[in-house]
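Observations on the model geometry
Chain residues, written in single-letter form:
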Amino acid sequence: MTVVHAAVRAPLVRLFLALAVGSTLAFILGLLYPVQRELDLARYEHASYSYEVEGVFPPTVSAAIGAAVGPRSCLVSVWVTVLRHAAREEGPTELDAVSPSYAQGVSRFPPATRLAGHSAGSRRWIDLNADSARALHVGPGDPVDVQVGPDLPPVRLTVRGVYAVRATGAAAAAMAPAEVLFAGLPAGAQAGYGLALTRTPPAEFLPRLSQDPLKRSLEAAKGYPLVVTATSARLAGAADASTHSLGLVRTVGALAVLGVAGLVVRELDVFRRQCLPAAQLVHRLGGPAPRLIATLLGMASLVAVGATTGGLLLAYAAYRFGVVASCFPPTLRPLLPWVSLSSAALPLAYVVTAAPLACRRLALR
Amino acid sequence: MTHQLRPAWAALARHLSATAALRDLGLLAAMGALASFAILFTTRAAFDDTMHELGLRYEARMLGVPAAAGDLRLDAYDSAVAASAAGAVHGGRTVDLTVLVFDDGAPVSTWLAGAVRGGHICRDGVMVDEATAARFGVRLGDRLTIWWPDLPGSSGAVVRVCAILDVWHPEGALGTRGYLLMARAGLVAAVPAFNGTAPDDTMSYWFRARPPGSESKFAVIAGILADQAGWSTAVLAVVLIGAGLWTFGIVRVWTGLRHGLETPRRVLGHLGAQPPLLAGFVGTVTVGLAAVGSAASAALARTTIMGWTDLYITSRQIVVVVVGLFVLSMAVVLTVSRGGSRWRRRQQALPAATGGRR
């Protein structure tokens, strides 16, 4: 058996390298569109709220609106602005200026999508999506300047967290405390909110919002009637707007599986053909054929499983460290073990199929 | 040297395993399909828009209403939707369209010089792009239903298809929108509620002049490639990774063939056959497999994209991708063959240079 080990060492190394390089490239391409689609949909797919209420909420009634839409809610003022860090600029950025009630964890940046940083920070914090963080070359702890008006000094905030989300129609998205941003506006500027996020069903909060004097205030601000949209409807809208359709994701997934399967079968077949002469020699010298074949194909399958798993990990690293895309969404991580198991099943299936044939061929010669 | 070629290659060919060749072809088709898919999908909008623009004949173009009238004026109306004709043969499919409208007597045939894929230019029907026609499965003479959901009082109008035009995506990068070209009189007759509606955009074309403020055809195409159709670092990265995957497949097939034919190559070498003849055989077989593999993979990728998504890939883009993969294969085979020859020469020169010690 030592002779066999020595004879197959070089083919095993070649098998490992070929499978690792090929499967890395195939997995990188195979994950490309699923990752982009997940980024497009993550904001609503993993939302920490159930309904969005659109309207015009003047600052005078913000507290009353917050109380009316329920305890687990948040008011948002959606800005379109520009972010800067050093000489880099990212815009237009959809910036959510969130009310203090954000502390309850309801926002358009779902906790499940957090890539870096933490939920607690200084008073002057800003959360960025991965695309913005990549474009600005910043991470948690770095300063970012937010433009609050054409001729106004920017508001400097510190990056607190980075999230794998994307706004519909704009790659750059951010979230920061409203009170800090509003303080950067000129004195006397009316700064209110335009969006309420809540977990409370509309049947509960709409009657409260329709009562005077709240209703009168909303009507005066031309913010009534309110538009209520469920996150499921938002998710469907985001799926429609995404350029990475489910069909596209399925297509690329099927082609990637085909590519990796073709590579595994081809390389294992090459290995089997390369090792057959050495196995025949050992068999003629008295070595048992089944044991020889089991040893050879067992080693090959282990190496193949290691190489494809390594390829998957390298592809993951290419996304995780921003080489191919801005990030690898944490919500897609549970998919990796399944992909790994599926790719490991290929060499095992090949070995189970090829072993009896190889034994018969060896015994015949 | 030629007198050696035929017997040497015939001897090598006898040692080729048909199973191994089929297996390698399978690998190339699988790797190539993934690479082709990535390249086809990411470059689709840019390719279609560029080919459409190349097919048109004009000297200059201006968006918006020009100070002086051009040779051809087209009014663009967005928000149109097309569905299959009455009878719903093609199910509930719809396509968002931009309708380009021209006035009677406008020299549309001059403008469309190389952009007509089939049929003829008409005033009483519509000219539709190839992707939209394929989406509904309509051919020349078939009928389409169009309507404007945002236009009050507009009901669907059934129009006849008289020409199929090059694919163009009016909204650039997404590449999901189609277009129709029709005469104003025909449009108003089909959709009376349309009369007097202001266009969303206006395009003017000059055939033999370039007035100030207009863009030349070259500038329009450069604009498409620069940004309009979504060219970016990500697109280039995808194309490069796809090319890398294909290169990897070619190298593996070339290496496999070379190792598989090592023994007959040595025997033939000792019998006096020239090494370039033998290397040429491996290269030729690899390139042959690459030619079949690239065509099969691009066809597989196109079939999958068009079967599983709502996107359309033109046959011209398939040809460009197949040719691109084939040229890349040739370059890879030449590079690895030269690298292999240099390595062998160095190995042969080594005993002489070191006095027989390695």
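Residues numbered from 1 in each chain as written. Chains lettered and ligands numbered in written order. Predicted model: local features only at pLDDT ≥ 70, side-chain atom pairs only at ≥ 80, totals over all residues. Heavy atoms only, no water.

**Thoughts on the overall build of chain B**
Which entries qualify depends on this criterion: A run of DSSP states H or I qualifies as a helix once it reaches four residues; a run of E qualifies as a strand once it reaches two. Both are numbered from the N-terminal end. Relative accessibility thresholds used throughout: buried, under 20% of the residue-type maximum; exposed, over 50%; partly exposed, between the two (1.4 Å probe, protein chains only). What sets the accessible areas is the Shrake-Rupley method with a 1.4 Å probe; for residues, cover comes only from the shown protein chains.
Broken down by element type, chain B carries ten helices and ten strands. Taken over 358 residues, chain B has a buried fraction of 48%. Counting only carbon and sulfur atoms, one obtains 60% of the accessible surface of chain B, whose full area is about 16300 Å².

**Let's talk about the overall build of chain A**
The following threshold applies: In this setup the radius of gyration rests on C-alpha atoms only. A globule is expected at 2.2 Å times the number of residues raised to 0.38.
The number of helices and strands found in chain A is ten helices and ten strands. In terms of overall size, chain A is more extended than a compact globule, its C-alpha atoms giving a radius of gyration of 29 Å where 365 residues would be expected to give roughly 21 Å. Referenced to the eigenvectors of the C-alpha coordinate spread, the extents of chain A come out at roughly 100 × 45 × 30 Å. Counting every position in chain A, which comprises 365 residues, the buried fraction comes to 52%.

**Description of a nonpolar patch on the surface**
The test is simple: A patch is a set of surface residues, each over 30% in relative accessible area and not in a salt bridge, joined within 9 Å for like charges and within 5 Å for the nonpolar side chains Val, Leu, Ile, Met, Phe, Trp and Tyr. Salt-bridge detection follows one rule: a side-chain nitrogen of Lys or Arg within 4 Å of a carboxyl oxygen of Asp or Glu.
A cluster of nonpolar side chains, contributed by Val13, Phe16 and Leu17 of chain A, occupies part of the molecular surface with about 270 Å² of accessible area. If you trace the backbone, phenylalanine 16 of chain A turns up in helix 1 (residues 2-45).

**Comments concerning the pattern of salt bridges**
Residue and element names in this part refer to chain A. Inspection of every chain in the model, using the stated rule, returns 25 salt bridges over all chains. Taking the shortest distance from any N to any O, the salt bridge between aspartate 40 and arginine 166 comes out at 3.2 Å. Taken together, the positions of aspartate 40 in helix 1 and arginine 166 in the loop between strand 7 (155-163) and strand 8 (172-177) put the pair 126 residues apart, joining distant regions of the chain. Residue aspartate 40 is classed as buried on the basis of its relative accessible area of 12%.

**So, the interface of chain A and chain B**
The test is simple: Should any heavy atoms of two residues lie within 4.5 Å, those residues are considered in contact. A 1.4 Å probe defines the accessible area here, and the buried area is the portion of it lost by two parts on being joined, summed over both. Whenever two N or O atoms come within 3.5 Å, that pair is a polar contact, provided that in protein one can donate a hydrogen and the other can accept it, and provided that, for residues adjacent in sequence, both atoms are side-chain atoms. Each residue receives one of three labels: charged for Asp, Glu, Lys and Arg, nonpolar for Ala, Val, Leu, Ile, Met, Phe, Trp, Tyr, Cys and Pro, and polar for the others, Gly being one of them.
Counting residues at the interface gives 31 residues for chain A and 32 residues for chain B. In total, chain A and chain B occlude about 2700 Å² of area from one another, counting both sides; carbon and sulfur atoms represent 76% of this. Ranking the residues of chain A by area buried against chain B places Leu29, Leu255 and Arg266 of chain A at the top, with a combined share of 26%. Linking chain A with chain B are three salt bridges, by the criterion used here. Taking the shortest distance from any N to any O, the salt bridge between arginine 23 of chain B and aspartate 269 of chain A comes out at 2.7 Å. Summed over the shared surface of chain A and chain B, the result is four residue pairs in polar contact (both at pLDDT 80 or more). If you list the elements that add at least two residues to the side of chain A that touches chain B, you get helix 1 and helix 8 (246-284) of chain A. Broken down by element, the side of chain A that touches chain B gets its largest block of residues, 18 residues, from helix 8 of chain A. Here the side of chain A that touches chain B is composed, by residue class, of 17 nonpolar, eight polar and six charged.

**What to know about the pairing of strand 1 (residues 60-63) of chain B**
Stated formally: Following DSSP output, two strands are said to pair if at least two bridges run between them.
Bridging between strand 1 of chain B and strand 10 (residues 215-216) of chain B involves two bridges; their strand directions are antiparallel. Within strand 10 of chain B, the residue paired with arginine 61 of chain B across the bridge is glutamate 215 of chain B.

**What to know about the state of the cysteines**
Residues and elements named next belong to chain B. Test applied: Cysteine sulfurs are considered disulfide-paired once they come within 2.5 Å of each other.
Counted by the stated rule, this structure contains one disulfide over all chains. One disulfide in the model links cysteine 122 with cysteine 162; its S-S distance is 2.0 Å. Taking the torsion about the sulfur-sulfur bond, which here is approximately -75°, the covalent link between cysteine 122 and cysteine 162 counts as left-handed. Of this pair, cysteine 122 sits in the loop between strand 4 (116-119) and strand 5 (126-129) while cysteine 162 sits in strand 7 (residues 157-165), and the two are 40 residues apart along the sequence. Each member of the pair, cysteine 122 as well as cysteine 162, is classed as buried.

**Thoughts on unusual backbone geometry**
All names here are of chain A. A positive phi is found at alanine 86, a non-glycine position, where the angle reads about 55°. Within the element layout of this structure, alanine 86 appears in the loop between strand 2 (73-85) and strand 3 (88-98). Of the residues examined, alanine 86 reaches a relative accessible area of 71% and is grouped as exposed. Its identity is not glycine, yet histidine 137 carries a phi of approximately 60°, on the positive side. Checked against the element boundaries, histidine 137 lands in the loop between helix 3 (130-136) and strand 6 (143-146). For histidine 137, a relative accessible area of 52% corresponds to the exposed category.

**Some remarks on the confidence of the model for chain B**
Heads up, the rule is: The score called pLDDT rates the predictor's confidence residue by residue, from a low of 0 to a high of 100.
Residues of chain B with pLDDT of at least 70 account for 86%, and the chain-wide mean is 80. Taken together, the chains of this predicted complex give a pTM of 0.78 and an interface ipTM of 0.72.

**Brief notes about the side chain of lysine 217 of chain B**
All names here are of chain B. Stated precisely, the cut-off is as follows: The charge count includes Lys and Arg as positive and Asp and Glu as negative, but it does not include His or the ends of the chains.
Relative to the elements of secondary structure, lysine 217 occurs in helix 6 (residues 217-228). Buried charge without a salt bridge: lysine 217, with glutamate 53 as the nearest opposite-charge side chain at an N-O distance of 7.2 Å. At 2.4 Å, the side chain of lysine 217 forms a polar contact with the backbone oxygen of leucine 56. If near-sequence neighbours (up to four positions away) are discounted, lysine 217 is found in contact with Glu53, Leu54, Leu56, Arg57, Tyr58 and Glu59.

**Some details on the packing of aromatic side chains**
Selection rule: Working definition: a ring pair exists when centres of Phe, Tyr or Trp rings (six-membered ring for Trp) sit within 6.5 Å. Plane angles under 30 degrees give stacked, over 60 give edge-to-face, the rest tilted. In this analysis the charged atom, NZ for Lys or CZ for Arg, is taken to sit over a ring once it is within 6 Å of the ring centre and within 35 degrees of the ring normal.
Under the defined criterion, the tally for this structure stands at eleven aromatic pairs over all chains. Considering the side-chain rings of phenylalanine 182 of chain A and tyrosine 193 of chain A, the 5.7 Å spacing of their centres and the 55° angle between planes classify their relative orientation as tilted. Of this pair, phenylalanine 182 of chain A sits in helix 4 (residues 178-183) while tyrosine 193 of chain A sits in strand 9 (residues 193-198), placing them eleven residues apart in sequence. For tyrosine 193 of chain A, a relative accessible area of 11% puts it in the buried group. Measuring from ring centre to ring centre gives 6.2 Å for phenylalanine 37 of chain B and phenylalanine 41 of chain B, while their planes differ by 10°; the resulting arrangement is stacked. Pair noted here: phenylalanine 37 of chain B and phenylalanine 41 of chain B are both in helix 2 (residues 18-55), with a separation of four residues, about one helical turn. Taken as a pair, phenylalanine 37 of chain B and phenylalanine 41 of chain B share a single burial class, namely buried. Arginine 160 of chain A extends its terminal NZ or CZ atom over the ring of tryptophan 125 of chain A, reaching a point 3.7 Å from the ring centre.

**A few points about the pairing of strand 7 of chain B**
All names here are of chain B. In terms of burial, strand 7 is a largely internal element, seven of the nine residues being buried. The sheet contact formed by strand 4 and strand 7 spans three bridges and is antiparallel. Among the inter-strand pairings, valine 116 is bridged to a residue of strand 7, identified as leucine 165. Of the pairings in the sheet, the one linking strand 5 to strand 7 comprises four bridges and is parallel in character. Paired with aspartate 129 across the bridge in strand 7 is leucine 165. Bridge count for strand 6 (residues 143-147) against strand 7 is four bridges, and the pairing is antiparallel. Paired with isoleucine 146 across the strands is alanine 157, a residue of strand 7.

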